[in-house]
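# Chains, contacts and geometry: an overview
These are the residues of each chain, in order.
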Amino acid sequence: MNVSPSRPAAGAATVTVLLWASAFVSIRSAGAAYAPGALALGRLLAGALTLGLLCLIRREGLPPRAAWRGIALSGLLWFGFYMVVLNWGEQRVDAGTAALVVNVGPLLIALLGARLLGDPMPPRLLAGMAVSFAGAVTVGLSMSGDGGSSVLGVVLCLLAAMAYAAGVVAQKPALGSATALQVTTFGCLVGAIGCLPFAGQLIHDAAHAPLSATLNMVYLGVFPTALAFTTWAYALARTTASRMGATTYAVPALVVLMSWLLLGEVPGALTLGGGLLCLAGVAVSRSRPRRPVPVPGPRTAPGSPHTTPDRLPAAES
């Protein structure tokens, strides 16, 4: 049985969304003991080490020269800058506000993808993004505490969303000449190099952090970074940046569910409704229109040179 090429890509996108949602729970734990830059550097170092071992096992060489521009830009913007400012922003705003602001990212991806990459903007994608964004707004408003947000925190989360969108659009062309593992590995390495000024803070925090926080930092590097960014790149190479960005609207809904199961934070009815809207929008944006059923043309008269008989004539006796 032949498997549609879109099925592995959809499976890879699902893995990415699940692991990125779990990252919010781990960041909450590790962020209490690690400064934003130190947490980003520790996460990227763990991710780069894991990806480097995978490259050695699979005997992946250096990416071709044509891919380096996209790898460098995505590494600096998405792996480096995004992780630092998101960690910093989440220390100043509640989870709902952070999820709301960061989910501006898929809209920016769609606009940048259409402008710079020529991505199509089909009606189903636009409709799904509108539904998901409404769900993200609902989740954000339902989870926002009174006075729990700061202007600086909102600005930081907005900067994270912009870096996320720009990094995705920069990464897409690189996947045309390099493998998903190469793009992810060297993007993660570039991000780690960009975060090296936080090395002293990382050493200081690691010496005083509880074991659970350090384990959460390592988890962030191995799974939501090394594995999830690779499955993301695999799926991105097989679809448009706009469609992949719309997929991440499911993250806030999953964060609510994981917080409920792992942290004992029981969501309200409005939060659950917003989560369902997020998932519904993703389903709409990734759906494909049904192929129209071909309508048979008018039949020509018998004896016409263009006649296609329904059955062979009976043999003459």
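All of the points below concern the structure found in this document. (Residues numbered from 1 in each chain as written. Predicted model: local features only at pLDDT ≥ 70, side-chain atom pairs only at ≥ 80, totals over all residues. Heavy atoms only, no water.)

### Concerning the overall build of the chain
So the rule is basically this: Only DSSP runs of H or I with at least four residues qualify as helices, and only runs of E with at least two residues qualify as strands; both kinds are numbered from the N terminus onward. Each residue is assigned to one of three classes by its accessible area relative to the maximum for its type, calculated with a 1.4 Å probe on protein chains only: buried under 20%, partly exposed between the two thresholds, exposed over 50%. Contact criterion: two residues are considered in contact whenever any of their non-hydrogen atoms come within 4.5 Å of each other.
The number of helices and strands found in the chain is 13 helices and 0 strands. Burial statistics for the chain: of 317 residues in total, 46% are counted as buried. Considering only residue pairs separated by 6 or more positions, the chain has 91% of its internal contacts joining residues 24 or more positions apart.

### Topic: helix α3 (residues 68-90)
Rule in force here: An expected span of 1.5 Å times one less than the residue number is assigned to each helix. To get the bend at a residue, fit one axis to the 7 residues ending there and another to the 7 starting there, then take the angle between the axes.
Under the 1.5 Å per step criterion, the end-to-end length of α3 is 31 Å for 23 residues, consistent within 8% with the ideal 33 Å. At Y82, α3 is bent by approximately 35 degrees, the largest bend along its length.

### Points about the side chain of N216
In this fold, N216 is placed in helix α10 (residues 211-236). N216 has contacts with S26, S29 and A30, leaving out every residue within four places of it along the chain.

### Describing a nonpolar patch on the surface
Stated formally: Two joining distances apply to patches: 9 Å for like charges and 5 Å for nonpolar side chains (Val, Leu, Ile, Met, Phe, Trp, Tyr), and every residue must have over 30% relative accessible area and no salt bridge. For every accessible area listed, the method is Shrake-Rupley and the probe measures 1.4 Å; residues are considered covered only by the protein chains on display. The term salt bridge refers to a pairing of a side-chain nitrogen on Lys or Arg with a carboxyl oxygen on Asp or Glu at a separation within 4 Å.
Residues F81, V151, V155, L158, L159 and M162 make up a contiguous nonpolar surface patch of about 520 Å² in total accessible area. Per element, the largest residue contribution to the nonpolar patch is 5 residues, and it comes from helix α7 (residues 151-174). Along the polypeptide, L159 turns up in helix α7.

### Quick look at the packing of helix α2 (residues 36-58) against α3
Note the following rule: Structural elements are reduced to axes, namely lines fitted to C-alpha atoms, with helices fitted over the stretch in contact, and the angle between N-to-C directions of any two is expressed from 0 to 180 degrees. To sort the angles, those under 35 degrees are grouped as roughly parallel, those over 145 as roughly antiparallel, those from 65 to 115 as roughly perpendicular, and the leftovers as oblique. Should the near helix be turned anticlockwise from the far one by less than a right angle, the crossing is left-handed, and should it be turned clockwise, the crossing is right-handed. Throughout this entry, Asp, Glu, Lys and Arg are counted as charged residues, while Ala, Val, Leu, Ile, Met, Phe, Trp, Tyr, Cys and Pro are counted as nonpolar. The remaining residues, Gly among them, count as polar.
Following both chains from N to C, one finds α2 and α3 inclined at 135 degrees, their axes separated by 8 Å at the closest point. If you check the angle between α2 and α3, you find them oblique. In the packing of α2 onto α3, the handedness of the crossing is right-handed. Contacts between α2 and α3 involve P36, G37, L39, A40, R43 and L44 from the first element and F79, G80, M83, V84, N87 and W88 from the second. Here the residues of the contact of α2 with α3 sort into 8 nonpolar, 3 polar and 1 charged.

### Remarks on the packing of aromatic side chains
Convention followed: Centres within 6.5 Å are what make two rings of Phe, Tyr or Trp a pair, Trp counting through its six-membered ring; a difference in plane orientation under 30 degrees is then read as stacked, over 60 as edge-to-face, and the rest as tilted.
Tallied over the entire structure, the rule returns 11 aromatic pairs. With 6.1 Å between their ring centres and 50 degrees between their planes, Y82 and Y164 make a pair best called tilted. Of this pair, Y82 sits in helix α3 while Y164 sits in helix α7, and the two are 82 residues apart along the sequence. Across the pair, Y164 and Y82 agree in class, each one buried. What links up through ring pairs into an aromatic cluster is the set W20, W78, F79, Y82, Y164, F229 and W232.

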